[in-house]
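Observations on chain architecture
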Amino acid sequence: MAGKLEGRVAVVTGSSSGNGRAIAIALAREGAVLMCSDLNKSALKGGYEKDLEVDTDAVITQSGGRASFVAADASKASDVQNIIHCAVETYGRIDIMVNNAGVFTGLHSIIDETEEQYDFTMNVNAKGVWLGCKYAITQFMKQEPITTSTGAQLRGRIVNIASIGGLVGLALEPAYCASKGAVVNLTRELAIDFAPERINVNAICPGFLATAMVRSFLEQDDTNKLLHDLTPWPRVGEAQDVARAALFLASDDAEWMTGSMLTVDGAFTAR
Ligand SMILES: NC(=O)c1ccc[n+]([C@@H]2O[C@H](COP(=O)([O-])OP(=O)(O)OC[C@H]3O[C@@H](n4cnc5c(N)ncnc54)[C@H](O)[C@@H]3O)[C@@H](O)[C@H]2O)c1
């Protein structure tokens, strides 16, 4: 049976580790052709993947899929333009853009947070998603829509990785929450502008996940207990939980979903 994304071309930023890696592999498993992109080709050593030494594009090609890698800083316009250029040069078009690359500089109040930490966080998390949306949508508008299995016309789908920190305040994460709030409302704004063009723009708001980003908290007893206590579900999340939601939003099953914030958080925001 054909996969849900057979032949669709997908770009994922921050694809070497954690959520980005799990998303790229999940999309490829459903038949998508992947342009992987990250600052570094190798996975972060702090990740929870069992096959950290195998790069994401190699995981995909070794399972019979198609994937390439382009190094890019998601916060730099020329790099993001180049990701889109490489995807179109290699595969002819883009159908799915996953803006996942993100950073977190640790817990501190605004009194101690430095201007450099604020600029760094906003540049990658907020401007990076803005750039990814800008250049993906520019490409979507240049290409002819494709007809999906349900007969619908599809121009392109965007999945932005925000956070519960874009929906509610998370203690001691001022710049991170500001950056993710920007992703949430940019997603809503673009959904309105490009609904007439049948471009879906949605975001996923994950709760606490076991990835390299959070390893230092999960390794300490007190912060590990705190993350578990804050999460009503009896475990913290995994990159796979986010990947399954991204697959849904990238697929034809989400044809009439746009401007949505999909929480994947073990009920954190349901309190
Ligand atoms: N881990 C969590 O608990 C959690 C929760 C909510 C949201 N998120 C979000 O999910 C996304 C992925 O996080 P993760 O947990 O997988 O983190 P991670 O640190 O495990 O992986 C992030 C990946 O992004 C890459 N990256 C960082 N800066 C980049 C840049 N400027 N350009 C290109 N690539 C860059 C890194 O090299 C790495 O491969 C982020 O947007 C993060 O904010 C994570």
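Per-chain numbering applies: the sequence of each chain, read as written, is numbered from 1 onward. Selection of residues for local features in this predicted model requires a pLDDT of at least 70, selection of side-chain atom pairs for listing and counting requires 80 or more, and totals for whole chains, interfaces and linings are taken over all residues.

Taking 1.5 Å of rise per residue, the 12 residues of helix α8 (residues 239-250) would be expected to cover 16 Å, and the 16 Å separating its terminal C-alpha atoms lies within 8% of that figure. We call a residue exposed when 12 or fewer other C-beta atoms sit within 10 Å of its C-beta, buried when the count reaches 20 or more, and partly exposed for counts in between; the C-beta positions come from the backbone. Put simply, DSSP marks the helices as runs of H or I at least four residues long and the strands as runs of E at least two long, and each gets a number from the N terminus on. The buried fraction of α8 amounts to 9 of the 12 residues, a majority that puts the element mostly inside the structure. The set of residues buried in α8 consists of Ala239, Asp241, Val242, Ala243, Ala245, Ala246, Leu247, Leu249 and Ala250. A helix is expected to span 1.5 Å multiplied by its residue count minus one.

Near, as applied to residues and a molecule or strand, means the residue's backbone-placed C-beta atom lies within 6 Å of it. Near the ligand there are 29 residues, and of these Gly14, Ser17, Gly18, Gly102 and Thr211 occur at the shortest range. Considered class by class, the residues forming the shell around the ligand number 13 nonpolar, 14 polar and 2 charged. When residues are grouped by polarity, Ala, Val, Leu, Ile, Met, Phe, Trp, Tyr, Cys and Pro land in nonpolar, Asp, Glu, Lys and Arg in charged, and all others, Gly among them, in polar.

So, about the packing of helix α4 (residues 115-142) against helix α5 (residues 174-194). Across the interface, α4 lies against α5 with an axial gap of 8 Å and an inter-helix angle of 15°. As summarised for this structure, α4 and α5 are arranged roughly parallel, according to the angle between their axes. For α4 against α5, the interelement crossing comes out right-handed. Counted together, Gln117, Tyr118, Thr121, Met122, Asn125, Ala126, Val129, Trp130, Cys133 and Ile137 of α4 and Ala175, Tyr176, Ala178, Ser179, Lys180, Ala182, Val183, Leu186, Leu190 and Phe194 of α5 form the full contact between these two elements. For helices, the fitted line uses only the C-alpha atoms of the stretch in contact; every axis is such a line through C-alpha atoms, and the angle between N-to-C directions lies from 0 to 180 degrees. Any angle that is under 35 degrees is reported as roughly parallel, and any over 145 degrees as roughly antiparallel; angles of 65 to 115 degrees are reported as roughly perpendicular and all others as oblique. Each crossing is labelled by how the near helix is turned from the far one, with a counterclockwise turn of less than a right angle marking it left-handed and a clockwise turn marking it right-handed. It is the C-beta atoms, placed from the backbone, that decide contacts: two residues are in contact if theirs lie within 7 Å.

With that settled, the discussion passes to the nonpolar core. Counting residues in each nonpolar core, the largest one holds 69 residues, and the members touching the most others are Ala10, Ile23, Leu27, Leu34, Ile204, Val242 and Ala246. Element by element, the count of residues in this core is highest for α4, at 9 residues. Once you skip the residues sitting within four places of it in the chain, Leu27 turns out to touch Leu5, Ala10, Ala32, Leu34, Ile96, Leu247 and Ala250. Each nonpolar core reported here comprises buried Ala, Val, Leu, Ile, Met, Phe, Trp, Tyr and Cys residues connected via C-beta atoms within 7 Å.

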